[in-house]
Amino acid sequence: MRARSVTAKQNSKRVGIDIGGTFTDIVVFDEATGAVTRSKTPSTPEAPEEGFLAALAAVGVPIDEIGTLVHGTTIVTNLILERKGGRTALITTRGFRDVLEIMRATRPLPYDLAWRKPVPLIPREFCFEVDERIMADGTIETAIDPANVAEVVDRIVALGVEGIAVSLMHAYLDDRHEKVVEAVIRERAPHLAVSVSSQICREIREYERANTTVANIYSMPRVRRYVDALAARVGVPGLVNYLSSEGGIQTGTEAADRPVTLCVSGPAGGVLGGAFLGEQTGRRNLVTVDMGGTSFDVAVIRDGRFDIKNTFEIEWGIPVKTPTIDIKTIGAGGGSIVWIDNGGALRVGPQSAGADPGPACYGRGGTDCTVTDANLVLGLIHPNATFPLDVAAAEAAVGRIADHFGVSVREAAEGIYRVVNAAMATAIRQMTVEKGIDPRDFALVPFGGAGGQHAAVLAAEVGIPEIVVPNMPSVFSAFGMVSAPLKVSRARTILKPLAMLGPGEIAAFFADLTGGIDASAFDGATSAPRHEFSLDLRYVKQAHEISVLVDPDWTAAEITEAFEDKHFLLYGTRHGHAVMVVTGRVAAIADMPPLPISAEEERDDRTVVAARTTTIAGIAGEVPIYDRTTLGPGARFAGPCLVEEVDTTFYVPEGASARVDAFRNLVITTDGASAA
Amino acid sequence: MSTLDPFTQQIIRNHLFSTTDEMIQTTVLTAYSPTFSEGFDFSCALFDTTGRMVMQSRGVGVHLGSLVGAMLAIVARFPAPRPGDVFITNNPYLATHQSDVVVARPMFCEGSHVGYAVNIGHWTDVGGMAAGGCAGTSTHVVQDGLIIPLSRLYDAGTLVEGTRDFILANVRLPEDDWGDLMSQVSATAIAESRIQSLAARYGVPAVIDGMAAAIEYSRARFLAALKEIPDGVYEAVDYIEDDGISDATYPIKVKVTKSATGFHLDFTGTAPQAPTPVNATFISARASAYAAVVALVDPTIPVNAGIFDQVEMVVPPRTIVSAEWPTPVYGCTFEMAKRVPETILKAFANTIPERTGAGCHASGNNLAGRAIDPKTGEEAVWYNYYEGGQGATAAGIGNDAVYFWGETSMNQPIEVWEHKYPVLVDRYALRDGSGGAGQHRGGHGTVHEYRLLADHHLSGLGDRHRVAPWGVEGGEPGLPNRWSIRRNGVTTELGTLYGLKSPSKFYDLHLPKDDVLIIETGGGGGYGTP
């Protein structure tokens, strides 16, 4: 990224911009004053750079006052889902051109004959073979012939493509053949983009590696145009940085070279925000939950760090193997549509009414009943908070559900609330209890537009005793982007039994892997990068690995013990069999200057005055509504009540008590809270 | 009638489903054989205390439906289970075939028995005459593998070492089998703990009531969707094309009477049982029929006893779909698990053309090989089965390269495969031209070319190598399956090269190093005149 100028004032602003499908969120942090500004403006999916600039204009920050800008974007996911990537080709080993067509030859559900396989990112006519073969033990069975490659490249060039992916058999073991192909492409067609599997995804399993490489090249032309367009419009080279799926700041160059690392860029921001909040308030263990219009995302921060997983499915059958914050997503959000199936049961989602037409209560022509409509009927959202909501329309929508079950509108709304809460609680349990993590040691950090209406009940349901509601929960992902560290990671397959690795061999491997990271990625950091090392390990005969954090100097016995402990924690068995080292990973992380948010004095004598009252039908009767902007540090109050802010409402149930901390976070303890 | 409100019923149903999904994950992530961990050749389900299925995972249809038989036997044999008990069996006449090992754990919440968590999965080797199974010409069930009678594997939490040792002493891959067995045991343990957390939140009675409600829910959806299929009698016939040792062909005849309450399936007229393992037991044939019924009515309904209760199947004794001891049935999951459901769908091809369609490759094309791995000096044993082309439907073209629609198996990555076995895969591609032409073309099958890096002994048990997948409404048939050998540059159909009675059923052929085994899988039939 751009070297930071230290002259204050001039570029004292740190900016996070999170472009989602519906809204573009922006948060501006002024390092000179500590002031924070935010805005939410409509996204412009056809030309996202317009929405980006509009967001900047909305907060009125001149470009030359910006020191750091971090951008999260859904561009990669969207262009892959919509198959709007570049015209690209694949080069693979003789005999394997159909790797993208065959996929893993499976289906999501048995018995469904009408189901159709997903469409590959590169059509069959654009997949080519070259003569070469490396065997599983590394033997070169057929050497590569540059003349043969040149002939293939010329045929591809004639098709008028924008880029070529290269994924050869067993290239995770030996990248020399792929390097030959890359060199031939660069020589004969220097104008083309190239993605090479041994550089993008150096891991075993030919379909997953090829598809990751293909996803990268497929998204590259549009992402590069976008990165270039933003840089040109902003006018300051290197100013715009990108948030990767693993929660690190990347330069525009890195993002354009490895667009596949941006797949979960937006949600990663929220988890980073949670990590920042934990650090700020001295909490090491947090569960972040992001509930927006269509989905509910759960992540766990344990002892100050979050887990990284290495496979992400953009859609069913289209996997991408790239480091991604371990986030569990279910299709439950405020806009999730409530429906009755042909067995007469209540179902919630995964279809969403989105923002347009949105829930029935938005009054934009939507008639489907949504979670938000039920929440409005219950009184968990005030009808005149952000913009006027149509209570009658919500009651009519929920009423259709009520009629089906022969219950009152209120009872139906409660039922909807319970069903969606149970689904979200299951997702939280899967990320905690079911991985051997005791949620009683954690705090819940809810954000997103709909998170506040459910968080307290979820916490009670899964046994989390404390909730910390950040400032600005509806733009929290953008806030997290401001707090992101610089991060670059690399991985390489080892695939040897642990017993066959000599002393010092793992340390030497990590030193080599670390050496491949360009130091210029950390310009602007406050310190040299620190490194996190991990090994993907399994029992020799298993197929799937567990990622274990290691010290490069550990002995084989120490590595084995760490692996077997984690295996036991996850699956309840410890086999004592030989261990295989599959992949080694390093993440280099360097911090940006700290955000100077200062603590305010918490005073006991603050008066807490309700702005007005409302009725939470069937749950709590008449309750006060507090305006969050009037609640100073130290303010205390008890549930049941609602706390409103610009674009969201937080529900504090009966038995819970609330306090505003020194950073103006709302801290709620749920002991004895009654789950609705 | 359930005493639970409809919202709690839904919450419990969702929890039961996510529990079966976690069982799948646990099994895949910890298993030892690529058959389990890459191929997903196993299935999981939850049952109530009486042995009625409550919820099933994704998986293999014939596995799941067959558990209906195994669980009734378990409930009868062990009427007073204790916490920590785990039962095991692979008796083929109780479920499918010996390679599919059933592991069942009674689940207890707060001391009360609430049901069973069950995992059934295909072990790569269970002993028997052919390494990796698939002896196409065995003539007695004991030749196909060790039979584990219904036994306790854990007795109130303690491993029964005698049971374990007896099993592992009779298989070729004791470590693989043990790792797979442990993955099955872990999956059932995970399920029990998930159901315990459900009980902790809602109470034991609610869990038991919720399980019963899940069955009634599926029944209600099934009966509702059933209305869209016209009542009537539907008939079809298909064939097992040979038995590997004689010239006989084996018709499978079905007469389906569809009414407002379900399906009556009459297999009278089906061929007598064959001497070789192309047969199915009644239990596994019925399981295969369940898959067809679900596909016809609504594939999105959670499958359980609520659907099974509405299906009645009538078969005379000792036919090819009701074989009895000691007739071998090893091929039931490979062939009959596809042939029976396809025959039923074929009967409806003109009535529900968008959910039935033309014929599929409809064979596992199962092959098993053994060889001394030159790298390790040890015996390598592999087993594999293959995707092919799906038949086209009125709604669209058939999928290329997919496993049969009654299962969610996955292919095993070639890179993983080559690490494990002395085989170099020269080619893994779509088989062009194999899908039948039509207004909608049938899906293409695939071609696998295995160059053998060591001398091999090969056994095979396939079908539909002679009778092509049919087209519908004027669509053309797909190409049938074919196995060949390229030796010294000359490619010959395998049965011809070895002078076999059948192109697809044999035992322990010797293939010298450097042979190329070519597996071409069939294409789906086309729909509509091209």
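Along each chain, residues carry numbers from 1 onward, in the same order as the chain's sequence is written. The order in which chains are written sets their letters, starting at A; the order in which ligands are written sets their numbers, starting at 1. The predicted origin of the model limits local features to residues at a pLDDT of at least 70 and limits the giving and counting of side-chain atom pairs to 80 or more, whereas totals for whole chains, interfaces and linings rest on all residues.

## Some points on the overall build of chain A
No. 1: Across its full length, chain A holds 16 helices and 35 strands.
No. 2: By the compact-globule yardstick of 26 Å for 676 residues, chain A fits well, its C-alpha radius of gyration being 26 Å.
No. 3: For the C-alpha atoms alone, the extent of chain A along its principal axes is close to 80 × 65 × 55 Å.
No. 4: As a rule, residues whose C-beta atom has 12 or fewer other C-beta atoms within 10 Å are exposed, those with 20 or more are buried, and those in between are partly exposed; C-beta atoms are placed from the backbone. Here chain A holds 676 residues, and the buried ones make up 56% of them. Strands here mean DSSP runs of E at least two residues long; helices mean DSSP runs of H or I at least four residues long; both are numbered from the N terminus. Both definitions apply: the radius of gyration is a C-alpha atom measure, and the globule rule equals 2.2 Å times residues to the power 0.38.

## What to know about the overall build of chain B
No. 1: Counting its secondary structure elements, chain B contains 11 helices and 20 strands.
No. 2: For chain B, the C-alpha radius of gyration of 22 Å lies close to 24 Å, the compact-globule estimate for 530 residues.
No. 3: The principal-axis extent of the C-alpha atoms belonging to chain B is close to 70 × 55 × 40 Å.
No. 4: For chain B, buried positions account for 66% of its 530 residues.
No. 5: By the convention adopted here, residues make contact when the C-beta atoms placed from their backbones lie within 7 Å. Long-range pairs, those at least 24 residues apart, make up 76% of the contacts in chain B with a sequence separation of at least 6.

## Remarks on the interface of chain B and chain A
No. 1: Contacts between chain B and chain A engage 68 residues on the former and 49 residues on the latter.
No. 2: When residues of the side of chain B that touches chain A are traced back to their parent elements, those giving at least two are helix H1 (6-30), helix H2 (34-37), helix H5 (174-202), helix H6 (204-226), helix H7 (282-297), helix H10 (414-420) and strand E14 (423-430) of chain B.
No. 3: Here the side of chain B that touches chain A gets 11 residues from one element, more than from any other, and that element is H1(B).
No. 4: Following the grouping adopted for this structure description, the nonpolar residues are Ala, Val, Leu, Ile, Met, Phe, Trp, Tyr, Cys and Pro, the charged ones are Asp, Glu, Lys and Arg, and the polar ones are all others, Gly among them. Residues of the side of chain B that touches chain A, tallied by class, amount to 31 nonpolar, 22 polar and 15 charged.

## Focus on the UniProt feature "domain: Hydantoinase B/oxoprolinase" (unreviewed entry) in chain B
No. 1: UniProt positions are given in the numbering used here, feature names are shortened, and annotations may be inferred rather than shown by experiment. Feature annotation in UniProt assigns "domain: Hydantoinase B/oxoprolinase" (unreviewed entry) to the following positions: residues 5-530 of chain B.
No. 2: Summarising residues 5-530 of chain B: 28% helix, 24% strand, and an end-to-end C-alpha distance of 54 Å.

## Overview of the sheet that holds strand E5 (residues 88-93) of chain A
Residue and element names in this part refer to chain A.
No. 1: Read across the open sheet, the 4 strands follow the order E6-E5-E9-E10; overall the sheet is parallel. Across the chains shown, the open sheet's two edge strands, defined by having one partner strand only, are strand E6 (127-130) and strand E10 (193-196). Going across the sheet, the axis of each strand differs from the next one's by a mean of 25°, ignoring polarity.
No. 2: Two strands pair when backbone bridges link them, and strand E9 (residues 163-167) and E10 are joined in this way by 4 bridges, in the parallel orientation. Counterpart to glycine 163 in the pairing with E10 is alanine 193.
No. 3: To get an axis, a line is fitted to the C-alpha atoms, and for a helix only the part in contact is used. The angle between two axes follows their N-to-C directions and goes from 0 to 180 degrees. Against the sheet, helix H4 (residues 146-158) engages E5, E6 and E9, with an angle of about 165° to E6. Strands are labelled as partners when DSSP assigns at least two bridges between them.

## Observations regarding the sheet that holds strand E7 (residues 158-159) of chain B
Residue and element names in this part refer to chain B.
No. 1: Here 7 strands make up an open sheet; going across it, the order is E2-E1-E5-E4-E3-E6-E7 and the pairing antiparallel. Of all the strands in the sheet, the pair left with one neighbour each is strand E2 (53-56) and E7.
No. 2: The strands touched by H1 are strand E1 (42-47), E2 and strand E5 (112-122); relative to E1, the strand with the most contacts, the crossing angle is about 145°.
No. 3: Where H5 meets the sheet, it contacts E1, strand E3 (86-89), strand E4 (100-109) and E5, and its direction lies at approximately 25° from that of E4.

## Digging into helix H12 (residues 409-431) of chain A
No. 1: Take the number of residues in a helix, subtract one, and multiply by 1.5 Å to get its expected span. The end-to-end C-alpha separation of H12(A) is 34 Å, in line with the 33 Å expected for 23 residues at 1.5 Å each.
No. 2: The element H12(A) is extensively covered by neighbouring structure, given that 20 of its 23 residues are classed as buried.

## Considering the domain arrangement of chain B
Residue and element names in this part refer to chain B.
No. 1: Segmentation into domains, and thus their bounds, comes from an automatic or database assignment. For chain B, the domain assignment lists domain 1 (6-216) and domain 2 (356-530).
No. 2: Look at where the C-alpha atoms of domain 1 and domain 2 centre, and you get two points 30 Å apart.
No. 3: Between domain 1 and domain 2, the contact holds 25 residues from the first and 27 residues from the second.
No. 4: Breaking the side of domain 1 that touches domain 2 down by element, the ones donating at least two residues are H2 and helix H3 (61-77).
No. 5: Considered class by class, the residues forming the side of domain 1 that touches domain 2 number 10 nonpolar, 10 polar and 5 charged.

## Some details on the packing of H7(B) against helix H9 (residues 336-347) of chain B
All names here are of chain B.
No. 1: Orientation of H7 relative to H9, taken along the N-to-C sense of each, is 45°, at an axis distance of 8 Å. In terms of their interaxial angle, H7 and H9 are classed as oblique. For the element pair H7 and H9, the recorded crossing hand is right-handed. Between H7 and H9, the residues in contact are Ser284, Ala285, Ser288, Ala289, Ala291, Ala292, Ala295 and Leu296 and Met336, Ala337, Val340, Pro341, Ile344 and Leu345, respectively. Angles are sorted into four bins: roughly parallel if under 35 degrees, roughly antiparallel if over 145, roughly perpendicular if 65 to 115, and oblique for all others. In a left-handed crossing the near helix is turned counterclockwise from the far helix by less than a right angle, and in a right-handed crossing that turn is clockwise.

## Focus on unusual backbone geometry
No. 1: The step from A:Gly639 to A:Pro640 runs through a cis peptide bond, and the omega angle for that step is 5°.
No. 2: Position of A:Pro640 among the secondary structure elements: in the loop between strand E31 (636-638) and strand E32 (641-645).
No. 3: With an omega of 5°, the peptide bond between B:Trp325 and B:Pro326 qualifies as cis.
No. 4: Its location among the elements puts B:Pro326 in the loop between strand E11 (311-314) and H9.
No. 5: For A:Arg83, which is not a glycine, the phi torsion comes out positive at approximately 55°.

## Examining the nonpolar core
No. 1: Counting residues in each nonpolar core, the largest one holds 378 residues, and the members touching the most others are A:Val398, A:Ile416, A:Leu444, B:Leu67 and B:Val118.
No. 2: If one sorts the elements of this core by residue count, H12(A) sits on top with 14 residues.
No. 3: The contact partners of A:Ile416, leaving out residues within four places of it in the chain, are A:Val338, A:Val348, A:Val371, A:Ala374 and A:Ile401. Among buried residues, those of type Ala, Val, Leu, Ile, Met, Phe, Trp, Tyr and Cys that are joined through C-beta atoms within 7 Å form a set called a nonpolar core.

## With respect to the domain arrangement of chain A
Interfaces are frequently sized by the accessible area removed from exposure as the parts join.
Residues and elements named next belong to chain A.
No. 1: Split into domains, chain A comes out as domain 1 (81-224), domain 2 (264-485 + 592-676) and domain 3 (486-590).
No. 2: Relative to domain 3, the C-alpha centre of domain 2 lies at a distance of 36 Å.
No. 3: Listed as interface residues are 6 residues of domain 2 and, on the opposing side, 9 residues of domain 3.
No. 4: Across the side of domain 2 that touches domain 3, the residue classes break down as 4 nonpolar, 1 polar and 1 charged.

## Looking at the packing of helix H11 (residues 391-405) of chain A against H12(A)
All names here are of chain A.
No. 1: At their nearest, the axes of H11 and H12 sit 8 Å apart, and the two run at 90° to each other. Taken together, H11 and H12 sit at an angle that is classed as roughly perpendicular. Between H11, through Glu395, Val398, Gly399, Ile401, Ala402 and Phe405, and H12, the contact on the second element is made entirely by Val409, Glu411, Ala412, Ala413 and Ile416.
No. 2: When the residues that make up the contact of H11 with H12 are grouped by side-chain class, the tally is 8 nonpolar, 1 polar and 2 charged.

## A word on the confidence of the model for chain A
All names here are of chain A.
No. 1: On average, residues of chain A score 91 in pLDDT, and 97% of them reach the 70 mark or higher.
No. 2: Contacts for the low-pLDDT stretch residues 3-9, under 50 throughout, to residues beyond four places or in other chains number 8 contacts.
No. 3: Confidence of the predictor at the level of single residues is given by pLDDT, which spans 0 to 100. Below pLDDT 50 for its whole length, residues 672-676 participates in 18 contacts with residues either more than four positions away or in separate chains.

## As for the pairing of strand E21 (residues 336-340) of chain A
All names here are of chain A.
No. 1: Pairing between E21 and strand E22 (residues 346-352): 4 bridges, direction antiparallel. Along E22, the bridge assignment pairs isoleucine 340 with leucine 346.
No. 2: Hairpin connection, E21 to E22: the antiparallel pair is bridged by 5 residues, and glycine 344 has positive phi, about 80°.

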